[in-house]
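Report on the structure
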Amino acid sequence: MGDDQWQVAGSAAQVYERELVPAIFGPWAPRVLALAAPAAGARVLDAACGTGVVARLAAERVGADGRVVGLDLNPGMLAVARSLPVAGAPIGWVQATAGRLPFPDGSFEVVCCQLGLQFFPDRSAALAEMARVLVAGGRLAAMVWRSIDHSLGFEVLAEALDRHIGAAAGALMRAPFGLSDDGELCGLVEGAGFGEVELDRQAGVVRFGSARELVVAYGAGSPLAGPIGAAGPAARAGLVAEVQAALDPWQGTAGLAFPIEALLVSGRR
């Protein structure tokens, strides 16, 4: 693999939206929204919205009489979100931390959080804030990944990063899988004041054109961009070669496809 093939056009947020959302995150957004079940005309908060895949689906679901807010701490993600077309309800994009939501009590009927909760430095505070901004009877729908051993491709990538890029890079790859215990997750949600807490394990599939595309796209569209970019050509080539060899059984004529599992949790304010 030539080192020039690591030059992926666009910012990390643009690569995230173009490459990672279709391959990894987008297919789960309808499941999160189905769990949230916002009514027509509802007010919906998408916390840790990234480039807004859940927020845009929510806008279609609640219609022109509803209102959707996408909140994220990352200005690059919000810039991409603002650039994409929206149908249905208007969406307001807000840069803020989930641990201190800039909204009055009872501002929303629904709060969604797809793959953000595991990254919050104070998960309890963030969930308490989500409860605060919900109306009485309002609904939370959140999603986190199960442990990385339920996602072969990312487990392989994490181990290869350890060997070729460094332990810090491997830790970055494991971070999205850091809230994977059923009891811990339900306890956090209940501790924030939610009732009727329900948890469901669901299986999905990650799809890329090839193992090389997985490594390059994830390396350019995530916090791994820094350490992988700082590594030398030999380290990057070794990383790709190891991942390609390990994932060859999951490479078919339609591309690379490997399983991943998530926990979806809901609760009522």
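Above this text you will find the structure in question.
First, a word on what this report is: a plain description of the structure on this page. (Residues numbered from 1 in each chain as written. Predicted model: local features only at pLDDT ≥ 70, side-chain atom pairs only at ≥ 80, totals over all residues. Heavy atoms only, no water.)

A word on the overall build of the protein chain. Summing up its helical and strand segments, the protein chain has 11 helices and eight strands in all. Computed over the C-alpha atoms, the radius of gyration of the protein chain is 19 Å, within 12% of the 18 Å expected from 2.2 N^0.38 for a compact globule of 269 residues. Counting only C-alpha atoms and orienting by the principal axes, one finds that the protein chain spans roughly 55 × 40 × 35 Å. The buried share of the protein chain, reckoned over its 269 residues, is 51%. Approximately 11,000 Å² of the protein chain is accessible, and the part contributed by carbon and sulfur atoms is 53%. Of the side-chain charges in the protein chain, 20 are positive and 27 negative, and the distance between the mean point of each set is 5 Å. (Helix = DSSP H or I, 4+ residues; strand = E, 2+ residues; numbered from the N terminus. Rg over C-alpha atoms; globule rule 2.2 N^0.38 Å. Buried < 20%, exposed > 50% of the residue type's maximum accessible area, 1.4 Å probe, protein only. Areas by Shrake-Rupley, 256 points an atom, 1.4 Å probe, with all protein chains shown as cover. Lys, Arg positive; Asp, Glu negative; His and termini not counted. Charge placed at Lys NZ, Arg CZ, Asp CG, Glu CD.)

Two elements in contact, helix 9 (residues 211-220) and helix 11 (residues 233-247), have axes whose closest approach is 8 Å; the angle formed by their N-to-C orientations is 135°. The orientation of helix 9 with respect to helix 11, classified from their angle, is oblique. The hand of the helix 9/helix 11 crossing is right-handed. Judged by residue contacts, A211, R212, L214 and V215 of helix 9 engage L239, V240, V243, Q244 and L247 from helix 11. Looking at the contact of helix 9 with helix 11 residue by residue, the classes come out as seven nonpolar, one polar and one charged. (Axes fitted to C-alpha atoms, helices over the stretch in contact; angles between N-to-C directions. Parallel < 35°, antiparallel > 145°, perpendicular 65-115°, else oblique. Left-handed = near helix turned anticlockwise from the far one by under 90°. Contact = heavy atoms within 4.5 Å. Nonpolar A, V, L, I, M, F, W, Y, C, P; charged D, E, K, R; others polar.)

On inspection of all chains with the given rule, the structure shows seven aromatic pairs. Seen in terms of ring centroids, W28 and W145 are 5.6 Å apart; in terms of plane orientation they differ by 85°. Their pairing is edge-to-face. Within this pair, whereas W28 is found in the loop between helix 1 (12-25) and helix 2 (29-36), its partner W145 is found in strand 5 (residues 134-145), the two being separated by 117 residues in sequence. With a centroid separation of 5.3 Å and an interplanar angle of 55°, the aromatic rings of F154 and Y218 are classed as tilted. In this pair, F154 sits in helix 6 (residues 152-164) while Y218 sits in helix 9, placing the two residues 64 residues apart along the sequence. The two residues F154 and Y218 agree in class, both being buried. When the ring centre of W28 is taken as origin, the NZ or CZ atom of R31, which lies over that ring, is 4.1 Å away. (Phe/Tyr/Trp six-rings, centres within 6.5 Å; stacked < 30°, edge-to-face > 60°. Lys NZ or Arg CZ within 6 Å of the ring centre and 35° of its normal.)

A few words on unusual backbone geometry. Positive phi, normally seen in glycine, also occurs at A37, with a value near 50°. The topology assignment puts A37 in the loop between helix 2 and strand 1 (43-47). On the basis of relative accessibility, which here comes to 42%, the residue A37 falls in the partly exposed class. Phi is positive for L115, close to 60°, though the residue is something other than glycine. Within the fold, L115 resides in the loop between strand 4 (108-114) and helix 5 (123-133). Classification of L115 as buried rests on a relative accessible area of 11%.

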